[in-house]
Amino acid sequence: MISPCLCLPSKISPPPIKFSSSPSRRRTSPQPRPYTLKHPNFESLKHEIIRQLDVGHLNHAFSTLDLMTQQGIQPDLITYSVLLKSCIRSRDFNRGKKIHSLMVESEIDFDNVVLNSLISLYSKCGDIKTAKSLFEGMGRKRDLVSWSAMISCFAHNGFEYEAVDTFYEMLENGEYYPNEFCFSGVIRACSKPGFGWIGEVIHGFVLKTGYFDADLCVGCALIDMYVKSEADLVSARRVFDEMPLRNVVAWTQMITRYTQCGFGREAVGLFVDMISSEFDPDMFTLSNIISASAELGCVQLGQQLHSRAIRGGLVMDVCVGCSLVDMYAKCSKDGSMDDSRKVFDRMGYHNVMSWTAVITGYVLSGGNDFEALKLFCDMIQGQVKPNHFTFSSVLKACANLADLNTGKQVYSQVVKLGLASVNCVGNSVISMYSKSGSMEEARKAFDILFEKNLVSYNTLIDGYAKTFDADEAFRLVNQIEDTGIGLSSFTFASLLSGAASIGSIAKGEKIHGQLLKAGFSSEQCINNALISMYSRCGNIESASKVFSKMDDKNVISWTAMITGFAKHGFAKKALETFHDMILSGIRPNEVTYVAVLSACSHVGLVAEGWEHFKSMAREHGIVPRMEHYACMVDLLGRSGLLEEALDFIHKMPFQADSLVWRTLLGASRIRENMEIGKLAAMQILKLEPNDPAAYILLSNLYASTGKWDHVMEIRKNMKEKNLTKEAGCSWIETENNVHRFYVGDTSHPRAEEIYAELDALCCKIKKLGYVPNTDFVLHDVEEEQKEQYLFQHSEKIALAFGLISTSKSKPIRIFKNLRVCGDCHTAMKFASVASDREIVVRDSNRFHHIKDGKCSCNDYW
């Protein structure tokens, strides 16, 4: 046991710097120093300390040192030196500083070995100031080890300029020629962006000196330098190939760099070469190559590596185990975590890495977020402290579940541990709040981030875009440009999504111009976002132009175009595009078939719909999901085949959800089939008793058949349950501003002009033969009042505003959050003739292109 006199505080300040005494003092001193007087027990205690250090018993060694001091025995320089090196090796820096203090107190002459060890000690504990003072105070005691230690000290602690400067100072000094340690240190300093050119110069110097051929460490340092400073894997591989000698460390390093840079195939190829060269991979090699197989999605390779790890006795290593957990999670085709969980459960030891790996696997696998949270609770109960990566994944699970309460509890732990300002954690918090619509909280989480990166900005921009606050998203883009971080393809994709969500064609065109200037026009994901934006903003022609100019189309590109044509009612073009997609060799996915079936539904292509529904599994192995069944119910219901639609639902291989029944209820409303409508409504209310949409649809069905008592009863039930109908809202964009209108809205600054135009329009279209269809007024009031209600609908107000505020050469584009009213649809057809304008309306279901009295939907909607 260490005595109280040697018990160390948690933090020790460095002692005064002590160097050798001057030569004159040594010559005039008549008496020898006390430490030279050997006590009878000195040698035995000294040897005992050395023996204890040799077997790794640092505590016992310090107890023996304490015993020496209690007996008045002064340790010599060798004893202190051995103790000091042991402290450095074991990273017990506080004890190392204590040794330094004892040596200063004993007034022992420090030789260059001890001084070099002290430089190393203070370098490793990050005390650059003391290390530099020791180095500068050495004077003529500096040797090549001293220079190497100081260069490495600067390089390890992020002082790249100082490391390079010290290296050049050594060369200018001319007393010492650099060895492999000097070269390794200065090359490591050049392993940072901006220093690559210096590293290349030093590489040339290394070749001239011959150290490249003589030492593996120099070659490994050069590999890292090229990858980390310039992401130059070609030069790194050239260095590796030219190394005359290679060991497992060199092979592993090159494999690791390939994996980290996303070149999994090259990493696997190199691993095969390593095995062929009869090198046995260690746990680090296996861990990295398993990660490469995970990124490649190659479970067969991962299984072979798993087998090799078992045969080599490395499967219980925590790094290998974590890589296997991650690999099985990423390579699972059906989102199953079974194999990943088996590896995790069989691991003999779980640290924060293994817990984080399995939790992250559950989050990324999709639909397993509850299990991820459960594992997080198990982790905390097991006394393993989460790190920032753990919290990042757990917060993503909360975001996926829209579980804001649990998310806030997790975030409170983040704050307690001081991790709220860490980028990956902060970004997950922003995402969690954004997905729940709490943009004010998301903004607060963003603002407290100490160092915001592009992911931080992109996450918040995406949140604003999805909550229809495009203006705030654009303001953030201006901030990004001011910081000099630079925009990414994800930034532009989020902005395009925001423009599409509010139907702002002007903003979308502006973003298109910006991304062209920024050089993103050739990126696949950007073009996909442009197709979606233009089609959702009503400009299907521009969407088609972007699509036709793409050189590299993937399944998302084709699906976006098919969806666009389907939403605009161009079923023939949608099906032709789908046919071209198959001919091009691109396999459709589940979303593609939703678009195809929707195209058939929008125009009543029942036979074609059935054929495509059956071909999903038959030709492409795609098992129909709930969305596909809902599309078929919509197709059958809108075609008047309500009985067939109901039979189809009963024959589904799983229980129909509220989406399917809501689709049938909507079709029943159109076809005024009370019996099936009531049945569908009852099923919805069983599944979602607080769904206001079901009450509204059923109420409208009763109202359309004049059953006002039932309408009143439903409205009474809604009021008792505090359920409210979503207010109908229409909006239109003029001069980069979005103008919103509600039923009977008079709040607009130009309300007087709008209603004057509306009155004039009413007179014009009535003269053309328009007769208000008061069946669409679902209130039990007089006929005259019903007609007044019809002309207060939000889409008619938006149309009137469009007529007085937009150029006659451009279409009037109106967007509505609900389905467009049947009477409004008829009125707009007449209005297109009366005003000689094209009118484009996007409702919750589809687009209506209205021109010369005709609509692209052919009145089938």
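Our subject is the structure listed above.
This is a predicted model, so every value here is computed, not measured. (Residues numbered from 1 in each chain as written. Predicted model: local features only at pLDDT ≥ 70, side-chain atom pairs only at ≥ 80, totals over all residues. Heavy atoms only, no water.)

Enquirer: Describe helix α27 (residues 454–466), listing the residues and the values that go with them.
Expert: The end-to-end C-alpha separation of α27 is 18 Å, in line with the 18 Å expected for 13 residues at 1.5 Å each. The buried fraction of α27 amounts to eleven of the 13 residues, a majority that puts the element mostly inside the structure. Of all the positions in α27, only L454, S456, Y457, N458, T459, L460, I461, D462, G463, Y464 and A465 are classed as buried. One side-chain oxygen at the N-terminal end of α27 lies 3.2 Å from the backbone nitrogen of V455; it belongs to N453. (Helix = DSSP H or I, 4+ residues; strand = E, 2+ residues; numbered from the N terminus. Expected span 1.5 Å × (residues − 1). Buried < 20%, exposed > 50% of the residue type's maximum accessible area, 1.4 Å probe, protein only. Polar contact = N/O pair within 3.5 Å; in protein donor to acceptor, adjacent residues only side chain to side chain.)

Enquirer: So what's going on with the packing of aromatic side chains? Residues and values would help.
Expert: A full pass over the atoms with the stated rule returns 25 aromatic pairs. Considering the side-chain rings of F167 and F205, the 6.4 Å spacing of their centres and the 65 degrees angle between planes classify their relative orientation as edge-to-face. Separated by 38 residues along the polypeptide, F167 in helix α9 (residues 160–173) and F205 in helix α11 (residues 196–209) bring together distant segments of the chain. Considering the side-chain rings of Y629 and F648, the 5.4 Å spacing of their centres and the 35 degrees angle between planes classify their relative orientation as tilted. Of this pair, Y629 sits in helix α37 (residues 626–638) while F648 sits in helix α38 (residues 642–650), and the two are 19 residues apart along the sequence. Taken as a pair, Y629 and F648 share a single burial class, namely buried. Counting every residue linked through ring pairs, the aromatic cluster contains F167, Y168, Y177, F183 and F205. The ring of W147 carries R142 above its face, with NZ or CZ at 5.3 Å from the centroid. (Phe/Tyr/Trp six-rings, centres within 6.5 Å; stacked < 30°, edge-to-face > 60°. Lys NZ or Arg CZ within 6 Å of the ring centre and 35° of its normal.)

Enquirer: So, the nonpolar core: which residues are in play, and what are the values?
Expert: Generally speaking, nonpolar side chains in soluble globular proteins are found buried as a group. I187, I289 and L664 are the most contacted members of the largest nonpolar core, which totals 226 residues. Among the elements that take part in this core, helix α19 (residues 318–331) stands out by supplying nine residues, more than any other. With sequence-adjacent residues up to four places away left out, I187 is seen in contact with I202, V206, V218, A221, L222 and M225. Ranked by size, the runner-up nonpolar core spans 28 residues in total, among them L761, C762, L799 and M828. (Core = buried A, V, L, I, M, F, W, Y, C linked by side-chain atoms within 4.5 Å. Contact = heavy atoms within 4.5 Å.)

Enquirer: I'd like to hear about a negative patch on the surface, residue by residue, with values.
Expert: Where like charges cluster on the molecular surface, the negative patch consists of E136, E162, D165, E169 and E172. Judged by its relative accessible area of 48%, E136 falls in the partly exposed class. (Patch = residues over 30% accessible without salt bridge, like charges linked within 9 Å, V, L, I, M, F, W, Y side chains within 5 Å. Areas by Shrake-Rupley, 256 points an atom, 1.4 Å probe, with all protein chains shown as cover. Salt bridge = Lys/Arg side-chain N within 4 Å of Asp/Glu carboxyl O. Lys, Arg positive; Asp, Glu negative; His and termini not counted. Charge placed at Lys NZ, Arg CZ, Asp CG, Glu CD.)

Enquirer: Tell me what's going on with the packing of α37 against helix α39 (residues 658–671), and back it up with residues and numbers.
Expert: It is at 9 Å that the axes of α37 and α39 come closest, and there the two elements cross at 10 degrees. One element, α37, and the other, α39, form an angle in the roughly parallel class. Taking contact as the criterion, the partners of M626, A630, V633, D634, G637 and R638 in α37 are, on α39, L659, V660, T663, L664, A667, I670 and R671. A per-class count over the contact of α37 with α39 returns eight nonpolar, two polar and three charged. (Axes fitted to C-alpha atoms, helices over the stretch in contact; angles between N-to-C directions. Parallel < 35°, antiparallel > 145°, perpendicular 65-115°, else oblique. Nonpolar A, V, L, I, M, F, W, Y, C, P; charged D, E, K, R; others polar.)

Enquirer: Please set out the sheet that holds strand β1 (residues 729–734) residue by residue, giving values where relevant.
Expert: One open sheet accounts for six strands, arranged β2-β1-β3-β4-β5-β6; its pairing is mixed. A strand with exactly one partner marks an edge of an open sheet, and here the two such strands are β2 (737–742) and β6 (854–855). For strand β4 (residues 839–842) and strand β5 (residues 847–851), the ladder comprises four bridges, and the chain directions are antiparallel. Bridging across to β5, V841 finds its partner in H848. (Pairing = 2+ DSSP bridges.)

Enquirer: So, helix α22 (residues 369–381): which residues are in play, and what are the values?
Expert: Given a rise of 1.5 Å per residue, 13 residues ought to cover 18 Å, and the 19 Å separating the end C-alpha atoms of α22 matches this to within 8%. Looking only at α22, the buried set comprises D369, A372, L373, L375, F376 and M379. Looking straight down α22, one finds that the buried residues subtend no more than 160 degrees of arc, so they occupy a single side. Of the exposed residues in α22, those oriented more than 90 degrees away from the buried face are F370 and Q381. Looking at the buried side of α22, the elements it contacts are α20 (338–346), α21 (352–365), α23 (388–401) and α24 (404–416). Looking one or two places after α22, you find Q383, whose phi comes out positive at around 70 degrees. (Arc of directions from axis to C-beta.)

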